[in-house]
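Each chain, letter by letter, is given below.
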Amino acid sequence: MLNQIHHGDCIVGMNTMPEGAVDLAFADPPFNIGYDYDVYDDTRARHDYLDWSRAWIGTVHRALKPDGTFWLAIGDEYAAELKLISQEVGFHCRSWVIWYYTFGVNCKAKFSRSHAHLFHFVKDPTQFTFRSDLLENRIPSARQLVYADKRANSVGRLPDDTWILRPQDLVDCLTPGEDTWYFPRVAGTFKERAGFHGCQMPEQLLGRIIKYCSNEGDTVLDPFSGSATTLAVAKKLGRQFLGFDLSPEYIQRGRDRLANCRVGDLLDGAAEPAVSAPTTPPKGTRKGKLTTITATEAATQAEALSTEQRFEKGLVEAFAKSSQGYSLDRLVTDPDLNREFVDHCRKLGLPGDARLWNWKLFNYRKAGKLSSVPTTQRTQISWQDCDQFLFASEIALAKMIADGSESLDAILCDPEQATQFDQIAKSFCPGLTPFQYRWGALMLRKESKSARARADVLRSIAPAKLSSAKPLADAKWTDYPDEAGLYLVLGANDRDKLYVGGSLNLRQRLKHQFSGQPLRTWKRESADLRVRFFTAEPNTPELLAYQCLLIREHKPKLNVRDIAV
Ligand SMILES: C[S@@+](CC[C@H](N)C(=O)[O-])C[C@H]1O[C@@H](n2cnc3c(N)ncnc32)[C@H](O)[C@@H]1O
């Protein structure tokens, strides 16, 4: 049942699922306001709608694990009733979030509607997933940003309970941490719009819910899948998913949407949409040094300036001063540049630590906030240069992820994790700089999307044909071709698949990878190493595409699966 959208009534469908199988359910049911769906009739009698709501909410309760979470999106008409029903069914309300949206409906005889309600319920108020420690779920506190108070928690704070009216009334709209969430609705002209469902939710909104309330690998359920937004976001974020809908057409289109996204893809839309909304900051409130303002000035500024904005300004300044014209990727992977950046942040009195500052820079880049700092210097490392150490970068990344690191970005942002990554890479391929190992991993990730696409083509026109396995101990290096190719490293038996690599020169790669110190490292993986190989064109994109194919087929433990699948 998992990782699919099912056709049919969600109550019937959920009742066929085992009880307690789901970690997180998100439901955006019809609001009973006469909306024109293609199959469902959104004009039920009031009591009928409420009875039906009680039935499906009860079924969601049944489907959830004892520590499961339920988010409900609902309009004004039935928000109060559905909150009460959910509580009667057995849920406990943790947050009542207002989703403020632009492009709302203009009304004539009442205030124009620009919000919906998002209820955050849990089954057990003593046991539920809320990933408040995850760095990307934290926001800097006012104590950190405005007062530069060293006692402040360096990893920021949890979101506030704050109500905000319209973006025009705000200094800089909503920061991502408030509990009134400002995401534009997915209007008809937006790139994100899948183009077939009038109620499509923004991916960023679902992203926040899924990141806070579930872990990677958890199961996410959407009883009213519609255009499959919840399921697509769950897939991108590495969760399992399942959904239901009555409409065959929505289901078909939803399936196409799911087929076109992969684990690790970026979510559509701006992570911090306030960037593009109208803002009216009071004049003259942007100046002043963080560390020298008086308490009264600080209080005045606190009213006028968003704390996040002050932090952002300092961080972008530190980036501009330390990057020497290089890209953010270079700044984060190059320990010398990064040290300089961290020193600048400290001099500016920015709260937090290297991990938070690096991470925030990645977020700012995604939101287009680093465009004021042009990249004038290119980092020039060719695939040929990388050929001798790329495998070490990949294996180090795979090992770190198997050990609990969240992602390459999380490793690079955290100096402690990055050092650990360097040490692993060095044990497989000594003699390179930390920057080279880290940059290799970034190059692999950058190329992975096109490698996956090429792999799909190669699979049908020129499938890989590996030689039979030969023990390394029995082989001479001249047994391996002095040309480009792919290889699979096996342990003592055929099920013991360790690593798939590609190189512009198989003989040199294998010699380099399995002599001296690296061989001792490999022996810790398996005492009896064997290798299968085949030759290919000396063309890195093609080698990477074949590597993807072989990773998909063999699932070796020291490759990074996300790069291939
Ligand atoms: C508000 S839309 C969901 C939109 C979705 N959140 C999105 O981002 O595209 C509600 C969906 O529920 C579906 N629906 C209505 N009654 C249903 C039922 N009993 N079982 C399953 N789906 C149903 C409708 O076909 C519609 O696609």
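Residues numbered from 1 in each chain as written. Predicted model: local features only at pLDDT ≥ 70, side-chain atom pairs only at ≥ 80, totals over all residues. Heavy atoms only, no water.

1. What to know about the overall build of the protein chain
Next up, step 1: On a plain count of helices and strands, the protein chain comes out with 21 helices and twelve strands.
Next up, step 2: Out of the 565 residues in the protein chain, the part that is buried amounts to 55%.
Next up, step 3: Across the protein chain, contacts joining residues at least 24 apart in sequence account for 71% of those joining residues at least 6 apart.
Next up, step 4: Here the protein chain has roughly 25400 Å² of accessible surface; of this, 50% comes from carbon and sulfur atoms. (Helix = DSSP H or I, 4+ residues; strand = E, 2+ residues; numbered from the N terminus. Buried < 20%, exposed > 50% of the residue type's maximum accessible area, 1.4 Å probe, protein only. Contact = heavy atoms within 4.5 Å. Areas by Shrake-Rupley, 256 points an atom, 1.4 Å probe, with all protein chains shown as cover.)

2. Regarding the site of the ligand
Next up, step 1: The full set close to the ligand counts 22 residues, and Asp9, Asp28, Ser227, Thr229 and Asp245 are the nearest of them.
Next up, step 2: Cys10 is positioned with one of its backbone polar atoms (N or O) 2.9 Å from a nitrogen atom of the ligand.
Next up, step 3: Within the side chain of Asp28, a nitrogen or oxygen atom sits 2.8 Å from a nitrogen atom of the ligand.
Next up, step 4: Among the residues forming the shell around the ligand, the class breakdown is twelve nonpolar, seven polar and three charged. (Near = heavy atom within 4 Å. Polar contact = N/O pair within 3.5 Å; in protein donor to acceptor, adjacent residues only side chain to side chain. Nonpolar A, V, L, I, M, F, W, Y, C, P; charged D, E, K, R; others polar.)

3. Some details on the side chain of Ser214
Next up, step 1: Among the structural elements, Ser214 can be located in the loop between α5 (203-213) and β7 (219-222).
Next up, step 2: Within polar-contact distance, the side chain of Ser214 engages the backbone oxygen of Ile210 at 2.8 Å.
Next up, step 3: Ignoring any residue separated from it by four or fewer positions in sequence, one finds Ser214 in contact with Leu24, Thr129, Arg131, Val220 and Arg239.

4. Re the packing of helix α11 (residues 335-347) against helix α12 (residues 354-366)
Two quantities define a packed helix pair, namely the angle between the axes and the distance from one axis to the other.
Next up, step 1: Where α11 contacts α12, the axes come no closer than 10 Å and their chain directions differ by 105°. With respect to their mutual orientation, α11 and α12 come out roughly perpendicular. Contacts between α11 and α12 involve Asn338, Phe341, Val342, Cys345 and Arg346 from the first element and Ala354, Trp357, Asn358 and Leu361 from the second.
Next up, step 2: Here the residues of the contact of α11 with α12 are counted per class, giving six nonpolar, two polar and one charged. (Axes fitted to C-alpha atoms, helices over the stretch in contact; angles between N-to-C directions. Parallel < 35°, antiparallel > 145°, perpendicular 65-115°, else oblique.)

5. Some words on helix α18 (residues 506-513)
Next up, step 1: For α18, the full list of buried residues reads Leu506, Arg509, Leu510 and Gln513. Along the axis of α18, the buried residues cluster in a sector spanning 90°; they form a single face.
Next up, step 2: On its buried face, α18 sits against α14 (390-402), β10 (485-490), β11 (497-503), α19 (516-525) and β12 (530-535).
Next up, step 3: N-capping of α18 is provided by Asn505, with a side-chain oxygen placed 3.1 Å from the backbone N of Arg507. (Arc of directions from axis to C-beta.)

6. Things to note about the pairing of strand β8 (residues 240-245)
Consecutive residues of a regular strand have side chains that alternate between opposite faces of the sheet.
Next up, step 1: Judged by how many residues are buried, β8 sits mostly within the fold: five of six residues are covered.
Next up, step 2: One ladder, built from four bridges, connects strand β1 (residues 4-7) with β8; its direction is parallel. Looking across to β8, one finds that Gln4 is bridged to Leu242.
Next up, step 3: Inspection of the sheet shows β7 paired to β8 by four bridges, in the parallel sense. Across the sheet, residue Asp222 finds its bridge partner in β8, namely Gly243.
Next up, step 4: Crossover handedness for the path β7 to helix α6 (residues 229-236) to β8: right-handed. (Pairing = 2+ DSSP bridges. Right-handed = clockwise from strand over helix to strand, strands pointing away.)

7. Observations regarding the packing of aromatic side chains
Next up, step 1: For the structure on display, the rule yields 23 aromatic pairs.
Next up, step 2: Over the ring of Tyr326 we find Arg330, and its NZ or CZ is 4.3 Å from the ring centre.
Next up, step 3: The ring of Phe435 has Arg330 lying over it, and the distance from NZ or CZ to the ring centre is 4.4 Å. (Phe/Tyr/Trp six-rings, centres within 6.5 Å; stacked < 30°, edge-to-face > 60°. Lys NZ or Arg CZ within 6 Å of the ring centre and 35° of its normal.)

8. Quick word on the pattern of salt bridges
Next up, step 1: Summed over the entire model, instances satisfying the criterion amount to 27 salt bridges.
Next up, step 2: Salt-bridge contacts for Arg257 lead to Glu203; the nearest nitrogen and oxygen are separated by 3.0 Å. Within this pair, whereas Arg257 is found in helix α7 (residues 248-259), its partner Glu203 is found in helix α5, the two being separated by 54 residues in sequence.
Next up, step 3: Taking relative accessible area as the criterion, Arg257 reaches 13% and is therefore assigned buried.
Next up, step 4: With a relative accessible area of 2%, Glu203 lands in the buried category.
Next up, step 5: Across the pair Arg445 and Asp409 runs a salt bridge whose closest N-O atoms are separated by 3.0 Å. In this pair, Arg445 sits in helix α17 (residues 434-461) while Asp409 sits in helix α15 (residues 408-413), placing the two residues 36 residues apart along the sequence.
Next up, step 6: For Arg445, a relative accessible area of 33% puts it in the partly exposed group.
Next up, step 7: Asp409 sits in the buried class, given a relative accessible area of 13%. (Salt bridge = Lys/Arg side-chain N within 4 Å of Asp/Glu carboxyl O.)

9. Some details on the sheet that holds β10
Next up, step 1: In spatial order, the strands read β9-β12-β10-β11; together these four strands make up an open sheet with antiparallel pairing. Because the sheet does not close on itself, it has two edges, and the strands there are β9 (470-471) and β11.
Next up, step 2: Note: β10 against β11, six bridges, orientation antiparallel. Its bridge partner being in β11, Leu490 is matched across the sheet by Lys497.
Next up, step 3: Each of β10, β11 and β12 is contacted by helix α20 (residues 540-554), which is oriented at about 170° to β11, the strand it contacts most.

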